[in-house]
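What follows is the residue order along each chain.
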Amino acid sequence: MEGRLVLKNCSIFRTDGRGRAGMAIVVEEGLIRRVAPDAEVPVLPGDWEVSCRGRLVLPGLVDCHAHLVGDQLVPSVGEFLLHSPLVRLEQELRLASLLTAQDVEVLSRHAMANALRSGVTLAVEHLSCPRDVAGALDAQARAAEQLGLRLVASHATTSLGGQDKADAQAEANADFVKRRGAHPLVRGALGFHSSWTTTNALLEKLGRLREASGAPVVFHLAEGDHDLANTWTQTFQRIVPRLESFGLLGPLSVAAYARSVDDAESMRLAASGTCVALGPGAALLVEPSGRALETLHGRQNLIGLGSAGHGGLWDALGAALITAVGAARGSRLVDPDGVLVQLFSEGPAELCSRLFGVPSGSVEEGRLADLVVFDCVPALDKDSGQAPYLLSQLGRSRVAWNIVNGRVTVREGQLLGADEVALARDAARVLSEVWARARLPEAGSLEGVARAR
């Protein structure tokens, strides 16, 4: 887009939490260039003016652990979730093994469109497509560039198909990382599924690749008691020290779930700077295990929120609210509202800044121009200037505009550059074909999902 993007008559929040109305924001070359009272910012010839009319502008949302394809491929339905972790994983891998790169691109476009319309500007993706790792990651990159979503893509490699296949997948993942190292919108990350599905040989290889490239690493950490038990049986180690020994923890590591970590491991994660992407929706739907939120928050870990293959980010926020309030009632958390802000905003903003090397997470000059305009004129407390119920206000508000790296991706609720109905229709066709190849009796059949193992 030539010229500047100028958001007029906005409501924004300062770093002290107080709101300000009647502001203007100037975006140019992917960054916020100016934030000032509306009257001080004229619209120049060639500018694209966005009339916000008092609506709230916030930094874009970050999905710290997404399964953009997997969430569609294996929906979170009751009977399937009642099976053991091994049975669920077998079904997930069976379906993922049938995907082609073209399938991944179609499903990714549909998921990314939904993410953008919900206010997400960055997704940290954990993809499984063992049949064609390189092709699938490139397909996701194309989809993200087309629609304008900021993306960090990794592959959930396992050792379950043998060491040769695992090595080949890791190498393909590493090649994608190398080719996308400096891209302004789409980056690569090394990935593996989890501790209980990987051998020492694969982790050692990933550690070497990570040391050579300095790339981020995405993985499931302590998925549950089954992960802990299997890791101990195979290696006589707990999960956190095992991964630490291979150099897989650190400021650019994104560890999902962390449902079975103790206080000592939480401190090790905090010391390493690892970002823990909690998936509270998944935690409510699978076997009860541990108190990840309380354990990690109490040790000052960097934590963020991930959809984790169970709906969207707003669903995850609702699950986080339930979890935080329950913990507070049990005297295990002091400030549930503060925890939600950390999960939904502060931690994800820090992760985005680390991954792309530019400050983000606030409406200030010099920050990434990843912004969302909500159909919400915030109600402020007259004494403090703060909005005490902001998240609940946002949860009921439409995303009017979504701006990623200075590019408008959603305009007054409408996705730009693609037909949403066509994307949904294409995704439905692909899912039906994949389920048919897996011999599932009908799309969405719970009985078929459970039996096709």
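Residues numbered from 1 in each chain as written. Predicted model: local features only at pLDDT ≥ 70, side-chain atom pairs only at ≥ 80, totals over all residues. Heavy atoms only, no water.

Turning our eyes to something else, we now look at empty space enclosed by the protein. All told, the structure shown has two cavities of 30 Å³ or more when counted by the stated rule. If you add up the space inside the largest cavity, you get close to 630 Å³. If you trace the largest cavity, you find 34 residues lining it, with His67, Glu92, His193, His220 and Tyr257 closest to the centre. Residue assignment for the lining of the largest cavity shows that the elements contributing at least two residues are helix H1 (70-73), helix H2 (78-81), helix H3 (85-96) and strand S7 (120-127). In terms of residue count, H3 provides more of the lining of the largest cavity than any other element does, six residues in total. For the lining of the largest cavity, a count of residues per class yields 18 nonpolar, ten polar and six charged. (1 Å grid on protein atoms, 1.4 Å probe; cavity = no way out; pocket = protein on both sides within 12 Å on 5 of 7 lines; lining within 4 Å. Points joined across faces, edges and corners; volume = space filled by probe spheres on them. Helix = DSSP H or I, 4+ residues; strand = E, 2+ residues; numbered from the N terminus. Nonpolar A, V, L, I, M, F, W, Y, C, P; charged D, E, K, R; others polar.)

Moving on, we get to the pairing of strand S3 (residues 31-37). Inspection of the sheet shows strand S2 (residues 19-28) paired to S3 by six bridges, in the antiparallel sense. If you follow Ala24 over to S3, its bridge partner there is Ala36. Once S2 ends, the chain turns through two residues before running back antiparallel as S3, passing Glu29 with a positive phi of about 55°. (Pairing = 2+ DSSP bridges.)

To continue, consider the sheet that holds strand S10 (residues 190-194). Here five strands make up an open sheet; going across it, the order is S10-S11-S12-S13-S14 and the pairing parallel. Looking at strand neighbours, the two that pair on one side only are S10 and strand S14 (302-305), the edges of this open sheet. Adjacent strand axes in the sheet meet at a mean angle of 25°, parallel and antiparallel pairs treated alike. Together, S10, strand S11 (217-221) and strand S12 (253-257) form the strand contacts of helix H7 (residues 200-213), whose direction differs from that of S10 by roughly 155°. (Axes fitted to C-alpha atoms, helices over the stretch in contact; angles between N-to-C directions. Contact = heavy atoms within 4.5 Å.)

Here the focus is the packing of helix H5 (residues 133-147) against helix H6 (residues 163-179). Taken N-terminus to C-terminus, the directions of H5 and H6 make an angle of 35°; their axes are 8 Å apart at the nearest point. As H5 packs across H6, the resulting crossing turns out to be right-handed. Of the residues in H6, those touching H5 at Val133, Ala134, Leu137, Asp138 and Ala141 are Gln169, Ala172, Asn173, Phe176 and Arg179. Among the residues making up the contact of H5 with H6, the classes are represented as six nonpolar, two polar and two charged. (Left-handed = near helix turned anticlockwise from the far one by under 90°.)

Of the residues in the chain, 96% have a pLDDT of 70 or more, and the chain-wide mean is 91. Of the regions scoring below 50 in pLDDT, residues 440-453 engages in 25 contacts with residues more than four places distant in sequence or in other chains. (pLDDT = per-residue confidence, 0-100.)

This model, assessed by the stated rule, comprises five aromatic pairs. When the ring of Phe192 is compared with that of Phe219, the centres are 4.8 Å apart and the planes differ by 10°; the resulting orientation is stacked. Here Phe192, found in strand S10, pairs with Phe219, found in strand S11; they are 27 residues apart in sequence, far enough to count as distant. The pair formed by Phe192 and Phe219 is uniform in burial state, with each residue classed as buried. Measuring from centroid to centroid gives 6.4 Å for Trp314 and Phe374, while their planes differ by 90°, and the two rings are edge-to-face. (Phe/Tyr/Trp six-rings, centres within 6.5 Å; stacked < 30°, edge-to-face > 60°. Buried < 20%, exposed > 50% of the residue type's maximum accessible area, 1.4 Å probe, protein only.)

Right, let's get into the layout of surface pockets. Size it by volume and the largest pocket reaches roughly 1300 Å³. For the largest pocket, the lining is made up of 45 residues, of which Leu58, Val341, Ser345, Leu390 and Leu391 are closest to its centre. For the lining of the largest pocket, the secondary-structure elements that each account for two or more residues are strand S5 (56-59), strand S6 (61-66), helix H13 (313-329), helix H14 (336-356) and helix H15 (390-395). Here the lining of the largest pocket gets twelve residues from one element, more than from any other, and that element is H14. Across the lining of the largest pocket, the residue classes tally to 25 nonpolar, 13 polar and seven charged.

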